[in-house]
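Structure assessment
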Amino acid sequence: MSRVNRLLQFFNISHIFSSLASSSSFFTRRSLSWLVLGSVGGLYSVSALSQSLSSSPYSRYGLGDLQPAGMAQNFSLGGSGIAWRADTLTPSYINVLNPASYAAFRITAIEMGLMSNTTHFQTNDQAFNLNNTSFSYLAVGVPIKRWWGLSFGIMPYSTVGYNIHTTQVRDTLGLIDYLYQGTGGINKAYVGNGFRLLKEKYVQRTGTDLSAGFNANYQFGAINNVRHVFFESPNTYDTRVDQNIRIHDFAFDFGLQLKFRIDSVKKMRNVSTKVGDSTVVVRKRLKTDIEDITFGVGLTFAPPMGLSATQDFLERTYIQPGSYEIIKDTLINNTNQTTIAKIPAKYGIGISINRSYHWNILADYTYQQWSGYSFAGENGGLANSQLASLGFQFQPALRGSYFSIVRYRFGLKYNETYVTVADTKLTEMSFTFGAAFPVAISKVKKHEYDINLYRNYSMVNLGVELGQRGTTSNGLIKESYGRIVLGFTINDRWFQRFKYND
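In what follows, the accompanying structure is described.

So, the overall build of the protein
- On a plain count of helices and strands, the protein comes out with three helices and 22 strands.
- Within the protein, the proportion of its 502 residues that are buried is 50%.
- Within the protein, contacts between residues separated by at least 24 positions form 68% of all contacts whose residues are at least 6 apart in sequence.
- Split by element, the accessible area of the protein, about 23800 Å² in all, is 56% carbon and sulfur.

Here is the structure:
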């Protein structure tokens, strides 16, 4: 058994297959002959609450696989929600996609969720499946004043998990094996505020509302990259390079939301008019009432940030007569090097059309200039990314049978990621669907909004995403995946004073 195979077994790799053509920028451009991808056997800790496993060769780039930012309800809607406010359908949701939405809190909301992911990896000639389950998010939203809402929580920002083997043949050194391994990721803990900018009486009279907000995000975590170089020549020591990156700094994002109500529209109608003793029917454009249809626009902006990072870099030569490495020499040993991870600006715009207690239509577009990313002064070949999503939610009725008050959701997503391999932009397309199932059903009367009616109103949110990323062209890997998010929304009147009559 070769040294590479022994090391792969040590990391509990259960599936191996060939991948990626020699033109890939993932590796050196010289005589690359084959590559092996395997599953990573370690767990990545998101927080003390739970752990997550990530496994994709594409997570080697940048900060890893960027995770969905929203909750289960956003997930079911294709990831959209920049213009969405929790003021048209109960219960009260937390929408972290735009902090301006926090201004709409009327009762306390608690959100938590888990994600299960099954991925089918495929090349031109081989394939295998891998699945994992991970913590997704935990967040709390609190109304401070009628015009001020607060939210805080924690969720993963990115995950890293790859294990890649490739070989080269050099004239002087013979066959050389390269083994690349990576684990870890970045977490995000946030505290956000949303503020209503217009007076409540004006909002109630006109149906126009404007709010702004911000999130202060503390991003922290570690990414571990290991590179082994195995030489066929018995007179040459093998080499191991360990890189440990730790990020720990604050970043900010800002949001703005505008909504306005359409009370009526004008339609052509037949109108009877008395002319003398005769009745004449004429066509006139008259106003027709429409029930609570609102339009919304949302804007988000995350300015470019320089995140403080610490890096350990250790390069050693060793021999491996058995299962253990015997260190022969240390070539580089740099510990606690301070550097900067420059995160580029991110822009987002969203629109929404809502009919209260009936349906919502959402559409989002985000753009981030990852070509401006750098870590320790190096870009890593990242490209600009853009994400477009579309979502639709409806509730058949306000009361009646159980399934008539369930919220049904559908969505589409198209994502151009920041990864480019073998001159091929890595893209992702998916279809989403899900539902929100009430747990405690209150007596809600149409056209009434009484905060007491929504006490202890909770939901179980189920979201499913079916999609694919990458391609088998140019010797690359195609990932077809199915994801399930199970979320819980709990509402109650916390942190509020109650008035008692004498």
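Some words on the packing of aromatic side chains
- Counted by the stated rule, this structure contains 17 aromatic pairs.
- An angle of 25° between the planes, with centres 5.7 Å apart, marks the rings of Trp 147 and Trp 148 as stacked.
- Accessibility expressed as a relative area gives 42% for Trp 147, which makes it partly exposed.
- Members of the aromatic cluster, joined through ring pairs, are Trp 147, Trp 148 and Phe 195.
- A cation over a ring is seen here: Arg 483 above Tyr 481, with NZ or CZ 4.1 Å from the ring centre.

A word on the pattern of salt bridges
- One pass over the structure, following the stated rule, counts 12 salt bridges.
- Between Arg 196 and Asp 209 there is a salt bridge whose closest N-O contact spans 3.3 Å. A residue pair is termed long-range when its members are at least 10 positions apart, and Arg 196 in strand S9 (residues 174-196) and Asp 209 in strand S10 (residues 209-231) qualify at 13 residues.
- Here Arg 196 falls in the buried class, since its relative accessible area comes to 14%.
- Classification of Asp 209 as buried rests on a relative accessible area of 2%.
- Counted as one network, the salt bridges with shared partners bring together Lys 413, Glu 428, Glu 465 and Arg 483.

Topic: the side chain of Thr 424
- Mapped onto the secondary structure, Thr 424 falls in strand S20 (residues 424-438).
- A relative accessible area of 18% places Thr 424 in the buried class.
- If sequence neighbours within four positions are ignored, Thr 424 has contacts with Val 419, Thr 471, Asn 474 and Leu 476.

A short note on the environment of Leu 114
- You can see Leu 114 is positioned in strand S6 (residues 108-122).
- By relative accessible area, Leu 114 is classed as partly exposed at 42%.
- Taking the C-alpha atoms as reference points, Leu 114 and Ser 134, separated by 20 residues in sequence, lie 5.9 Å from one another.
- Beyond its immediate stretch of four places on either side in the chain, Leu 114 contacts Ser 134, Phe 135, Ser 136, Ile 484, Val 485 and Leu 486.

Re the side chain of Glu 465
- In this structure, Glu 465 sits in strand S21 (residues 458-470).
- There is a polar contact of 3.3 Å between the side chain of Glu 465 and the side chain of Tyr 481.
- When near neighbours in sequence (up to four residues on either side) are disregarded, Glu 465 contacts Phe 75, Lys 413, Glu 428, Ser 430, Phe 431, Thr 432, Tyr 481, Gly 482 and Arg 483.

Considering a nonpolar patch on the surface
- A cluster of nonpolar side chains, Leu 197, Leu 256, Leu 258, Phe 260, Val 297, Leu 299, Ile 349, Ile 351 and Tyr 365, forms an exposed patch at the surface whose accessible area comes to about 710 Å².
- Contributing elements (two or more residues each) for the nonpolar patch: strand S11 (238-275), strand S12 (278-302) and strand S15 (346-355).
- Counting through the fold element by element, Ile 351 comes out in strand S15.

Structural notes on the pairing of S9
- With 18 of 23 residues buried, S9 lies mostly within the body of the structure.
- Two strands pair when backbone bridges link them, and strand S8 (residues 148-170) and S9 are joined in this way by 22 bridges, in the antiparallel orientation. In the sheet register, Ser 151 faces S9, and the bridge partner there is Gly 192.

Digging into unusual backbone geometry
- For Asn 336, which is not a glycine, the phi torsion comes out positive at approximately 55°.
- Within the secondary structure layout, Asn 336 lies in strand S14 (residues 326-343).
- Residue Asn 336 is classed as exposed on the basis of its relative accessible area, which comes to 53%.
- One non-glycine residue, Asp 423, lies in the positive phi region at around 60°.
- Mapped onto the fold, Asp 423 is located in the loop between strand S19 (407-421) and S20.
- Accessibility expressed as a relative area gives 79% for Asp 423, which makes it exposed.

Cut-offs and rules
Counting starts from 1 at the beginning of each chain's written sequence and moves along it residue by residue. With pLDDT at 70 or above as the cut-off, local features in this predicted model cover only qualifying residues; side-chain atom pairs require 80 or more to be listed or tallied, and sums for whole chains, interfaces and linings still use all residues. The side-chain quantities take in all heavy atoms of the structure and omit both hydrogens and water. Helical segments are the DSSP runs of H or I of at least four residues, strand segments are the runs of E of at least two, and each set is numbered from the N terminus. We call a residue buried when its accessible area falls under 20% of the maximum for its residue type, exposed when it is over 50%, and partly exposed in between, using a 1.4 Å probe and counting protein chains only. Contact criterion: two residues are considered in contact whenever any of their non-hydrogen atoms come within 4.5 Å of each other. Computed with a 1.4 Å probe, the accessible areas rest on the Shrake-Rupley method; for each residue, only the protein chains presented here act as cover. Each Phe, Tyr or Trp ring, with Trp reduced to its six-membered ring, pairs with another whose centre is within 6.5 Å; inter-plane angles below 30 degrees give stacked pairs, above 60 give edge-to-face pairs, and intermediate values give tilted ones. The rule is short: NZ of Lys or CZ of Arg within 6 Å of the ring centre and within 35 degrees of the ring normal puts a charge over the ring. By convention in these notes, a salt bridge is any Lys or Arg side-chain nitrogen within 4 Å of a carboxyl oxygen on Asp or Glu. Here a polar contact is recorded for every N or O atom pair within 3.5 Å, except that within protein the pair must consist of a potential hydrogen donor and a potential acceptor, and residues adjacent in sequence are included only if both atoms are side-chain atoms. Candidates for patches are residues over 30% relative accessible area with no salt bridge; among them, like charges are joined within 9 Å and nonpolar side chains (Val, Leu, Ile, Met, Phe, Trp, Tyr) within 5 Å. Two strands qualify as a pair provided DSSP detects at least 2 bridges between them.

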